[in-house]
Amino acid sequence: MSAFRGLISSLSAPIKVFSISESASFHTASVFYAARKGTRARKEAKKTRVEIKKVAWTPDSKKKKDIHISRKVDEFNLGFSEDDIYMQKDYKLRIFQFQEALASIRETHHPTMYNLPNAYVGATVEISTITHQKKVKYIDPWTQIVELEHTFDHGEDRSIIAFCKEHEIATQLQDMGVALVGDVNTIKGIERGLVTLPSFEYVVCNPKILADLMHIRGLLKKKIPALKNKTLGVDLVEITKRIQTGIKYSMKKDPKEQDFGYSDFIIGRLNMSAEQLEDNLKRVLQDIISMKPNSKPHDEDFITRILLWSDPSPERFKINTESLIEKPKAKVLDDDSDGEEEEVKVAAKAEVA
Amino acid sequence: MFPTSRIPLMGGLSKMSSSLMANVVHTPSILNSRSTYILERARPLPRIYPRQRKRPYMNRSTYVYKVVQQPYDRLMRQQDLQVILVQYVEGLGKAGDIVTVNPNYAYNNLLLPKLAIYASPENLANASLYKKSAEEEAYSSKTSKTLMRLLPYHTIPVVLNQDNEWTIEPWHIKASARKVGIHVLNEASIQIPGPPIRGPDQSLHGKDFIAIFKVNNKETIKMRCKIFIWATKPAERNSIENQFWCFKGEPVHPEEKDDLDLLPIEQFNPDKIIIPSGDLENTIVCAS
């Protein structure tokens, strides 16, 4: 009976079974040969051993807490007030027109109150640094000096050194108050130690003399003229004028908030007219918008908020951006206009033919 | 009795109740507890061929389900309720206003105490009957009652110059209130009772006076203002007390003393020591 059963099972399920001797002849894993003594020694030398340092125990109360104060403001769940008297903390920040904000600064700095009619007027610009790209997700911080029409005394140290071969430009620069105007000979003198460099913040030069300037690269370090910093150019007079009188702003970023950039800068004095101050602010905003990445969608705001302030008052006025920033046209409209132009060109060609 | 086998049993309904409500079509809205889960098979069932008689082999994976909808999902959650206010409710609205609120809040705090009624079609048609004229209404807006309660706790420090001549005008108080975080849109709504206060006068430093605000041309609020004499040169400036807005000063006008004593004041917090760093503005920021 059992034999019969065995027969049936062998018929129904013909399974091929390897013998033990057969299976042993297969290599199931890669074979590890002993590494040579030289390579073994080299690999061991490469390994970095982490030494565990013993740290003395400190109670939690005495540990330094890194308190991160965020500059971001989220007003999502707040609204605007209905009353004509209200407390700011319960509502969204009140939005001022530029003229209105300036008038309220002039109230607090009035001779009967703070008595500071010549105070600095500052602005804060906040941007979103998201680029919507895969490799470079956020914009890096930058510093720039913007050329102005309505100049003012900013009270900063911006001493300049200039290098050029032309004698006429050198005399012009000296009249403008540049600390040192150099030639090829002065560069050699600096290299030998005969001429001492005065204290300086900016170095400006012509592209013709740049090759000679490379000899004292070690002394200038990061301040060496470059196209990126707009300190290298043909028209040196214009560059020095911009550096001496322009508005300097630096867009900063908190390392913990990579998607948010901010910069505080001074746009003028309180005794200037409102139009002049507004024009100065517009110049800086234009420069900031020029850094906007192309990958950003058109409907997303690059500049998220603008505040106006003046020390020693603690107030910060949020400003209506519509009058200050020109809204970019939608992409679809641009394509249409291009198409029309092409059509016109084609028609003109046909006429010529 | 009605045949019970025809009725699909759902959720928390017992057999007894189902037998009583035999002809009623059962939907999730009738259930007294929200417990309907909608599920979906994680993997498809094994295929059944047309002439197959045997039941297909089902292993454990056929009994794994995904949850499509839970009782606490956004779609299944109770939606906000629309009610019509019968009376003025602080922070919500006036009588006759239609508001949408959380259903639990509406039931416990509005419908039970009869401050509001359901926004049924009949009630909505008569909603305008509950509205009062501007003169009859006790408060001008939904937030004005809160303002009347809370604003008097704040002190307005008025910075005035030591070197130049001045008399206190409404715009001085408007600008000083804005620094503490109180916006006054209409300058005409500020009143300073009593004879005009003139300076420069060093003896006025730290003294209090009353300013009267009119909210929406209706409610009047009295507020405490404190004079701070400010020298333009930093060396000559008056020193600043810790949390000076928590202390009552002497009145500028002796007639106002009774009114000033009645006004509430923010409580001094001994744990929170604010040492101003030479400037007044830091202290003001903390106060707001």
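Structure's up top.
Let me sum up the structure you'll find in this document. (Residues numbered from 1 in each chain as written. Chains lettered and ligands numbered in written order. Predicted model: local features only at pLDDT ≥ 70, side-chain atom pairs only at ≥ 80, totals over all residues. Heavy atoms only, no water.)

### Details of the overall build of chain B
Inference 1: The number of helices and strands found in chain B is 7 helices and 12 strands.
Inference 2: Residue burial in chain B is summarised as follows: out of 288 residues, 36% are buried.
Inference 3: Looking at chain B alone, contacts between residues at least 24 apart form 58% of all its contacts between residues at least 6 apart. (Helix = DSSP H or I, 4+ residues; strand = E, 2+ residues; numbered from the N terminus. Buried < 20%, exposed > 50% of the residue type's maximum accessible area, 1.4 Å probe, protein only. Contact = heavy atoms within 4.5 Å.)

### A short note on the packing of helix α4 (residues 98-108) of chain A against helix α10 (residues 274-289) of chain A
Residue and element names in this part refer to chain A.
Inference 1: Running from amino to carboxyl end, α4 crosses α10 at an angle of 120 degrees, the nearest separation of the two axes being 11 Å. Viewed along their axes, α4 and α10 adopt a mutual orientation that is oblique. Classified by chirality, the crossing of α10 by α4 is right-handed. The residues of α10 that touch α4, namely those facing Phe98, Gln99 and Leu102, are Ala274, Glu275, Leu277, Glu278 and Leu281.
Inference 2: Of the residues assigned to the contact of α4 with α10, the class counts are 5 nonpolar, 1 polar and 2 charged. (Axes fitted to C-alpha atoms, helices over the stretch in contact; angles between N-to-C directions. Parallel < 35°, antiparallel > 145°, perpendicular 65-115°, else oblique. Left-handed = near helix turned anticlockwise from the far one by under 90°. Nonpolar A, V, L, I, M, F, W, Y, C, P; charged D, E, K, R; others polar.)

### Digging into the sheet that holds strand β6 (residues 155-161) of chain B
All names here are of chain B.
Inference 1: Judged by pairing direction, the sheet is mixed, and its 4 strands sit side by side in the order β6-β12-β11-β9 without closing on themselves. Strands at the two margins of the open sheet, each flanked by one partner only, are β6 and β9 (190-191).
Inference 2: Bridge analysis of strand β11 (residues 208-215) against strand β12 (residues 219-230) gives 8 bridges, and the strand direction is antiparallel. Of the residues in β12, the one forming a bridge with Asp208 is Lys226.
Inference 3: The sheet contacts of helix α5 (residues 170-180) involve β6, β9, β11 and β12, and relative to β6 the element is tilted by about 120 degrees. (Pairing = 2+ DSSP bridges.)

### Here's the deal with the packing of aromatic side chains
Inference 1: Per the counting criterion, the structure on display carries 9 aromatic pairs over all chains.
Inference 2: Seen in terms of ring centroids, A:Tyr114 and B:Trp230 are 4.9 Å apart; in terms of plane orientation they differ by 70 degrees. Their pairing is edge-to-face. Taken together, the residues A:Tyr114 in the loop between α4 and β3 (120-128) and B:Trp230 in strand β12 connect one chain to another.
Inference 3: Relative to B:Tyr139, the ring of B:Tyr88 has its centre 4.7 Å away and its plane inclined at 35 degrees; by these criteria the two rings are tilted. Of this pair, B:Tyr88 sits in the loop between β3 (81-85) and β4 (98-101) while B:Tyr139 sits in the loop between α3 (121-125) and α4 (144-150), and the two are 51 residues apart along the sequence.
Inference 4: Looking at B:Tyr139, the relative accessible area reads 22%, which means it is partly exposed. (Phe/Tyr/Trp six-rings, centres within 6.5 Å; stacked < 30°, edge-to-face > 60°.)

### Description of the interface of chain B and chain A
Inference 1: Counting from both sides, the interface comprises 36 residues of chain B and, opposite them, 25 residues of chain A.
Inference 2: When the two sides are added together, the surface that chain B and chain A hide from each other amounts to roughly 2,900 Å², 58% of it contributed by carbon and sulfur.
Inference 3: Contact with chain A buries area across many residues of chain B, yet B:Arg178, B:Lys179 and B:His183 alone supply 24% of it, more than any other trio.
Inference 4: The interface formed by chain B and chain A contains 4 salt bridges.
Inference 5: A salt bridge links B:Lys142 to A:Glu82, with the nearest nitrogen and oxygen atoms 4.0 Å apart.
Inference 6: Our count for the chain B to chain A interface comes out at 19 residue pairs in polar contact (both at pLDDT 80 or more).
Inference 7: Breaking the side of chain B that touches chain A down by element, the ones donating at least two residues are α4, β6, α5, β8 (182-184), β11 and α7 (280-287) of chain B.
Inference 8: Looking at which element gives the most residues to the side of chain B that touches chain A, the answer is α5(B), with 7 residues. (Buried area = accessible area lost by both parts, 1.4 Å probe. Salt bridge = Lys/Arg side-chain N within 4 Å of Asp/Glu carboxyl O. Polar contact = N/O pair within 3.5 Å; in protein donor to acceptor, adjacent residues only side chain to side chain.)

### What about the nonpolar core?
All names here are of chain A.
Inference 1: Phe265, Ile267, Ile288 and Leu308 are the most contacted members of the largest nonpolar core, which has 34 residues in total.
Inference 2: Counting only elements with at least two residues in this core, the list comes to α4, β3, β4 (142-146), β8 (247-254), β9 (257-269), α10, β10 (303-309) and β11 (317-319).
Inference 3: If one sorts the elements of this core by residue count, α10 sits on top with 6 residues.
Inference 4: Ignoring anything within four residues of it in the chain, the contact list for Ile267 reads Phe98, Val121, Gly122, Ala123, Phe152, Ile247, Leu277, Asn280, Leu281 and Leu308. (Core = buried A, V, L, I, M, F, W, Y, C linked by side-chain atoms within 4.5 Å.)

### So, unusual backbone geometry
Note: most residues except glycine have negative phi, and most peptide bonds are trans.
Inference 1: The peptide bond linking A:Asp311 to A:Pro312 adopts the cis configuration, its omega dihedral lying at 5 degrees.
Inference 2: Its place among the elements puts A:Pro312 in the loop between β10 and β11.
Inference 3: In this model, B:Gly199 is joined to B:Pro200 through a cis peptide bond whose omega is 5 degrees.
Inference 4: Summarising the element assignment, B:Pro200 is placed in the loop between β10 (198-199) and β11.
Inference 5: In the Ramachandran plot, A:Asn115 falls in the positive-phi region, its phi being about 60 degrees despite a non-glycine side chain.
Inference 6: Turning to its location among the elements, A:Asn115 is positioned in the loop between α4 and β3.
Inference 7: In this structure, A:Lys230 takes a positive phi of about 60 degrees despite not being glycine.
Inference 8: Mapped onto the fold, A:Lys230 is located in the loop between α8 (217-220) and α9 (236-245).

### Remarks on the sheet that holds strand β6 (residues 180-182) of chain A
Strand pairing in a sheet relies on backbone hydrogen bonds. The paired strands run either parallel or antiparallel.
All names here are of chain A.
Inference 1: The sheet built from 3 strands is open, its strands ordered β6-β5-β7 with parallel pairing. Both edges of this open sheet fall to β6 and β7 (202-205), since each of them pairs with a single strand only. If you compare each strand with its neighbour and ignore which way they point, the axes differ by 15 degrees on average.
Inference 2: The sheet contact formed by strand β5 (residues 160-163) and β7 spans 4 bridges and is parallel. Within the sheet, the bridge partner assigned to Ile161 lies in β7 and is Val203.
Inference 3: The sheet strands contacting α9 are β5 and β7, and the helix crosses β7 at an angle near 165 degrees.

### Quick word on a positive patch on the surface
Inference 1: On the surface, A:Arg36, A:Arg42, A:Lys43 and A:Lys46 cluster together to form a positively charged patch.
Inference 2: Relative to the assigned elements, A:Lys43 resides in helix α3 (residues 37-46). (Patch = residues over 30% accessible without salt bridge, like charges linked within 9 Å, V, L, I, M, F, W, Y side chains within 5 Å. Areas by Shrake-Rupley, 256 points an atom, 1.4 Å probe, with all protein chains shown as cover. Lys, Arg positive; Asp, Glu negative; His and termini not counted. Charge placed at Lys NZ, Arg CZ, Asp CG, Glu CD.)

### A closer look at the pattern of salt bridges
Inference 1: Here the structure, examined in full by the defined rule, presents 20 salt bridges over all chains.
Inference 2: The partner of B:Lys174 in a salt bridge is A:Glu107, with the nearest N and O atoms 3.5 Å apart. Of this pair, B:Lys174 sits in helix α5 while A:Glu107 sits in helix α4, on two different chains. Across the pair, A:Glu107 and B:Lys174 agree in class, each one buried.

### Brief notes about the packing of helix α5 (residues 167-175) of chain A against α9(A)
All names here are of chain A.
Inference 1: Interaxial distance between α5 and α9 falls to 10 Å at its minimum, and their mutual angle equals 15 degrees. Here α5 is positioned roughly parallel relative to α9, judged by the angle of their axes. As for the relative orientation of α5 and α9, their crossing is right-handed in sense. Contacts between α5 and α9 involve Ile169, Gln172 and Leu173 from the former and Leu236, Val237 and Thr240 from the latter.
Inference 2: Residue classes in the contact of α5 with α9 are distributed as 4 nonpolar, 2 polar and no charged.

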